[in-house]
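# Architecture at a glance
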Amino acid sequence: MRIARHLLDGQPALATVTDDGLVTLQTEHTDLPSLLGSSDGDLVAHVQALATGSVTPLAEAELLSPVGRPPAILAVGLNYRAHAAEGGREPPKVPIIFNKHHNCIVGPGHPIHLPAAAPDMVDYEGELAVVIGRTARAVSAAEAPDCIAGYTIMNDVSVRDWQRRSPTMTMGKSWDTHGPCGPWVVTSDSLDPHSCRLVTEVSGEVRQDANTDDLIFDCYAIVEHLSTAFTLDPGTIIATGTPAGVGAFSDPPGLLKDGDEVAITIEGIGTLTNPVISEPTAGG
């Protein structure tokens, strides 16, 4: 099952994605975290029972990020073997974790801004993202699949010079618009997250072409690691890392510029596409 979020009569609404288009859910919930919190455990059955609203053809839909206000955005650095190698780094022994600020989230088609204060080192990172489905604390890797609602795509846009100023990386990973997410969430019963081809294109040029079987720490190990320390709430997004081919390590560097378009495709999910523009002036 695919669960999307879109604008309906000017207001956010949740929907399932079918061959006919987006079928709106008849619910007071307008974002995935609250819907997940209201489910009694069988998310697919819960959503199917609610999918009785109006139908919007996909070509006419204005998609939003499937998770608009995640309770947290966590991310894993250097989590593909080939990406660690291209940066001249040894594979990490434990997951490298950082945060992204929630205001970075935007949906499909929304522009990625090249910040006026830091326009020259903005990079793309195509990533598989986990969406937590129920409260998870101290769960094992074997238990982790039951805590995952599904999977989506995230572009972990990175301002490299700001990222490298501090070992925490948060400032370089959290600029507004630097967390495109979507186009929808594919429920966990419909996808093997550890055998998916991931392709990132910039203005039609393939930059990343890998498979999630190159992950150093898989999705379940990441959930186990994080939940050892703190509670993961429903709707939490975990970006699992990016494969080789980022712009900063290309020769010559292939960083983003005004007019580019980034399209990230993950097998079994779909394609997340966002244009790149110079940051608009205040009020512009």
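An account of the accompanying structure is given in this report. (Residues numbered from 1 in each chain as written. Predicted model: local features only at pLDDT ≥ 70, side-chain atom pairs only at ≥ 80, totals over all residues. Heavy atoms only, no water.)

Before going further, it helps to spend a moment on the pattern of salt bridges. Under the definition given, this model contains 10 salt bridges. Linking Asp214 and Arg81 is a salt bridge whose minimum nitrogen-to-oxygen distance equals 3.9 Å. Here Asp214 is found in the loop between β16 (205–211) and α6 (219–229), whereas its partner Arg81 is found in helix α3 (residues 81–86), with 133 residues between them in sequence. What makes Arg81 partly exposed here is its relative accessible area of 40%. (Salt bridge = Lys/Arg side-chain N within 4 Å of Asp/Glu carboxyl O. Helix = DSSP H or I, 4+ residues; strand = E, 2+ residues; numbered from the N terminus. Buried < 20%, exposed > 50% of the residue type's maximum accessible area, 1.4 Å probe, protein only.)

By the definition in use, this model includes zero disulfides. Unpaired in terms of disulfides, Cys104 finds its nearest cysteine sulfur in Cys181, a separation of 8.9 Å. (Disulfide = S-S within 2.5 Å.)

Moving on to the nonpolar core. Among the nonpolar cores identified, the biggest contains 49 residues, and Tyr151, Val223, Leu232, Ile238, Leu256 and Ile269 are the most heavily contacted of them. Considering each element in turn, this core owes the most residues, four residues, to α6. Ignoring anything within four residues of it in the chain, the contact list for Leu232 reads Leu74, Ile132, Arg134, Thr135, Ala136, Val223, Leu226, Ser227 and Ile238. Grouped together as the second largest cluster of nonpolar side chains are 24 residues, Ile3, Leu25, Leu43 and Met154 included. (Core = buried A, V, L, I, M, F, W, Y, C linked by side-chain atoms within 4.5 Å. Contact = heavy atoms within 4.5 Å.)

Another aspect to go through is the sheet that holds β16. By definition, the strands of a sheet pair up through backbone hydrogen bonds, in either a parallel or an antiparallel sense. The mixed open sheet is built from five strands, whose spatial order is β9-β19-β18-β15-β16. Of all the strands in the sheet, the pair left with one neighbour each is β9 (112–114) and β16. Averaged over all neighbouring strand pairs, the angle between strand axes comes to 15°, with direction disregarded. Pairing between strand β18 (residues 261–266) and strand β19 (residues 270–278): six bridges, direction antiparallel. Along β19, the bridge assignment pairs Glu261 with Pro275. (Pairing = 2+ DSSP bridges. Axes fitted to C-alpha atoms, helices over the stretch in contact; angles between N-to-C directions.)

This part is about the pairing of strand β14 (residues 179–187). Regular strands show a simple pattern: their side chains alternate between the two faces of the sheet. Of all nine residues that make up β14, nine are buried, and the element is covered over most of its length. Two elements, strand β1 (residues 2–8) and β14, share two bridges in a ladder whose sense is antiparallel. The residue of β14 that forms the bridge with Arg2 is Val186. Taken together, the four bridges between strand β12 (residues 148–155) and β14 define a ladder with antiparallel strand orientation. Each residue of the ladder has a partner; that of Met154, found in β14, is Cys181.

Moving on, we come to unusual backbone geometry. Residues Gly182 and Pro183 are joined by a peptide bond in cis, for which omega reads 5°. Inspection of the secondary structure assignment puts Pro183 in strand β14. Residue Pro252 is reached from Asp251 by a cis peptide bond, and omega for that bond is 0°. Among the structural elements, Pro252 can be located in the loop between β17 (237–239) and β18.

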